[in-house]
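What follows is the residue order along each chain.
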Amino acid sequence: LKAGIYFSDGITTVSPKYAREILTQEFGEGLDGVLRKREDSLIGILNGVDYKEWNTENNPDLPASYSANDLSGKEKCKKALQKELELPVRDVPVFGSITRLAEQKGIDVMIQTLDEILCESDMQVVVLGSGEDHLIHRLNKLQEKYNNCVMFIEGYNSRLAHLIEAGADFFLMPSRFEPCGLNQLYSLRYGTLPIVHGIGGLDDTIENLENDNGNGFKFYQLSKGNLSSVIKRALDFYSNKDCMQLARQNAMASQFSWDEPAQSYRQLYRSFN
């Protein structure tokens, strides 16, 4: 890999910020030295989303269609998600997470934070994922402790992934590092507001909600305190239905198709001729 980096015509990674991050010891995984030597040939191009698959209209995996102009179907998806997972069908904020269960994804910090905040907050949490045994064990324990508001499903199910994206109000993604990330992009399309640690592609794609602008919630420096603060901010935000509707519309208006990345790759490859 080091030889490939050294002798290649160009070096690409999947977001502009991650392209800068891997020049540092913290994120370079031992290759930061050679990457700094080739910095002029390094470019970050964001991944795209296949909106034919990740779409809220006429999606066979969703019980109801909806759009930015008519969000009523999203509420139906939420009720269907609660019913299927045997959570109380109530008007409470639902936080979703679809992830590999790994330290990279910040799941340990997420569990610690949820264990504290669920004691004092009226909310529901749905997690779908597989990975490290100790994280599976801790999520099972969290579900046992809060069995009326937490549901953990081990493994992966494509239909359920679409339903979680559509039925949740917020999407938790507190990754320690994230070259690009895709679930925050799916969430935007589904009007589900991402809560992300501002690194890599998460920082490039999510803009904090402020003054009717933005498409999600972002925090810097991964810690239980910082994640707890932003979840509490999301809980307060949920109580204002007008703000939620505008934020969902902002999120759904975000465009991350493959059109622009494809053009960037085309221009890059042609520059080598």
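Source: prediction; values computed, not measured.

**Student:** What is the right way to read helix H8 (residues 158-167) from this model?
**Tutor:** For an α-helix, 3.6 residues make a turn, and residues three or four places apart therefore share a direction. Burial analysis of H8 places 8 of its 10 residues in the buried class, which makes it a mostly covered element. Check the buried side of H8 and you find it contacts helix H5 (72-84), strand E3 (94-101), strand E4 (124-131), strand E5 (150-154), strand E6 (170-173) and helix H9 (183-189). Where H8 begins, the capping side chain belongs to Asn157, and its oxygen is found 3.0 Å from the backbone nitrogen of Arg159.

**Student:** Would you take a moment to explain the pattern of salt bridges for this structure?
**Tutor:** Pairs can form between side chains of opposite charge whenever their charged atoms are close. Applying the stated criterion across every chain yields a total of 15 salt bridges. For the salt bridge of Glu120 with Lys232, the shortest nitrogen-to-oxygen distance reads 3.3 Å. Pair noted here: Glu120 is in the loop between helix H6 (107-117) and E4 and Lys232 is in helix H11 (residues 224-238), with a separation of 112 residues, a long-range link. Residue Glu120 is classed as exposed on the basis of its relative accessible area of 55%. By relative accessible area, Lys232 is classed as partly exposed at 36%.

**Student:** What should I look at first to understand the nonpolar core in this one?
**Tutor:** Proteins that are soluble and globular tend to have nonpolar side chains buried together. Among the nonpolar cores identified, the biggest contains 74 residues, and Phe95 and Leu114 are the most heavily contacted of them. Broken down by element, this core gets its largest block of residues, 7 residues, from H11. Core analysis: the next-biggest nonpolar cluster, separate from the first, contains 10 residues, Tyr18, Ala19, Ile22 and Val34 among them.

**Student:** Can you walk me through the packing of aromatic side chains in this structure?
**Tutor:** How two aromatic rings sit relative to each other is given by the distance of their centres and the angle of their planes. The full count for this structure, using the stated rule, is 8 aromatic pairs. Aromatic side chains Trp54 and Tyr186 sit 3.8 Å apart centroid to centroid with 10 degrees between the ring planes, which places their arrangement in the stacked category. A residue pair is termed long-range when its members are at least 10 positions apart, and Trp54 in the loop between strand E2 (42-44) and H5 and Tyr186 in helix H9 qualify at 132 residues. You'll find Trp54 and Tyr186 in the same group, each marked buried. Three or more aromatic residues joined by ring pairs make a cluster, and in this case those are Phe95, Phe170, Phe217, Phe237 and Tyr238. Lying over the aromatic face of Tyr51, Arg189 brings its terminal NZ or CZ to 4.0 Å of the ring centre. If you follow Lys241 out to its NZ or CZ, it ends over the ring of Tyr238, 3.9 Å from the centre.

**Student:** Explain the sheet that holds strand E8 (residues 217-219) to me, please; I cannot follow it from the model alone.
**Tutor:** Backbone hydrogen bonds are what pair the strands of a sheet, in a parallel or an antiparallel way. Read across the open sheet, the 6 strands follow the order E5-E4-E3-E6-E7-E8; overall the sheet is parallel. The sheet is open, and its two edges are formed by E5 and E8, each paired on a single side. Geometrically, the sheet is characterised by an average inter-axis angle of 15 degrees between neighbouring strands, direction not taken into account. Of the strand pairs in this sheet, E6 and strand E7 (residues 193-197) are connected by 4 bridges, and their pairing is parallel. In the sheet register, Leu172 faces E7, and the bridge partner there is Ile195.

**Student:** Explain the packing of H6 against H11 here, please?
**Tutor:** Each pair of packed helices can be described by the angle between their axes along with the distance between the axes. Running from N to C, H6 and H11 point in directions that differ by 55 degrees, and their axes come no closer than 9 Å. Relative to H11, the element H6 is oriented oblique. Classified by chirality, the crossing of H11 by H6 is right-handed. Contacts between H6 and H11 pair Val109, Met110, Gln112, Thr113, Leu114, Glu116 and Ile117 from the former with Lys224, Leu227, Ser228, Ile231, Lys232 and Leu235 from the latter. Residues that form the contact of H6 with H11 fall into these classes: 7 nonpolar, 3 polar and 3 charged.

**Student:** Explain the packing of H6 against helix H7 (residues 133-145) to me, please; I cannot follow it from the model alone.
**Tutor:** For the pair H6 and H7, the least separation of the axes is 11 Å and the interaxial angle reads 15 degrees. One element, H6, and the other, H7, form an angle in the roughly parallel class. The crossing of H6 and H7 is left-handed. On the side of H6, the interface is formed by Ile107, Asp108, Ile111, Gln112, Leu114 and Asp115, while H7 contributes Leu135, Arg138, Leu139, Leu142 and Lys145. Looking at side-chain class alone, the contact of H6 with H7 contains 6 nonpolar, 1 polar and 4 charged residues.

Rules used throughout
Residues numbered from 1 in each chain as written. Predicted model: local features only at pLDDT ≥ 70, side-chain atom pairs only at ≥ 80, totals over all residues. Heavy atoms only, no water. Buried < 20%, exposed > 50% of the residue type's maximum accessible area, 1.4 Å probe, protein only. Helix = DSSP H or I, 4+ residues; strand = E, 2+ residues; numbered from the N terminus. Contact = heavy atoms within 4.5 Å. Polar contact = N/O pair within 3.5 Å; in protein donor to acceptor, adjacent residues only side chain to side chain. Salt bridge = Lys/Arg side-chain N within 4 Å of Asp/Glu carboxyl O. Core = buried A, V, L, I, M, F, W, Y, C linked by side-chain atoms within 4.5 Å. Phe/Tyr/Trp six-rings, centres within 6.5 Å; stacked < 30°, edge-to-face > 60°. Lys NZ or Arg CZ within 6 Å of the ring centre and 35° of its normal. Pairing = 2+ DSSP bridges. Axes fitted to C-alpha atoms, helices over the stretch in contact; angles between N-to-C directions. Parallel < 35°, antiparallel > 145°, perpendicular 65-115°, else oblique. Left-handed = near helix turned anticlockwise from the far one by under 90°. Nonpolar A, V, L, I, M, F, W, Y, C, P; charged D, E, K, R; others polar.

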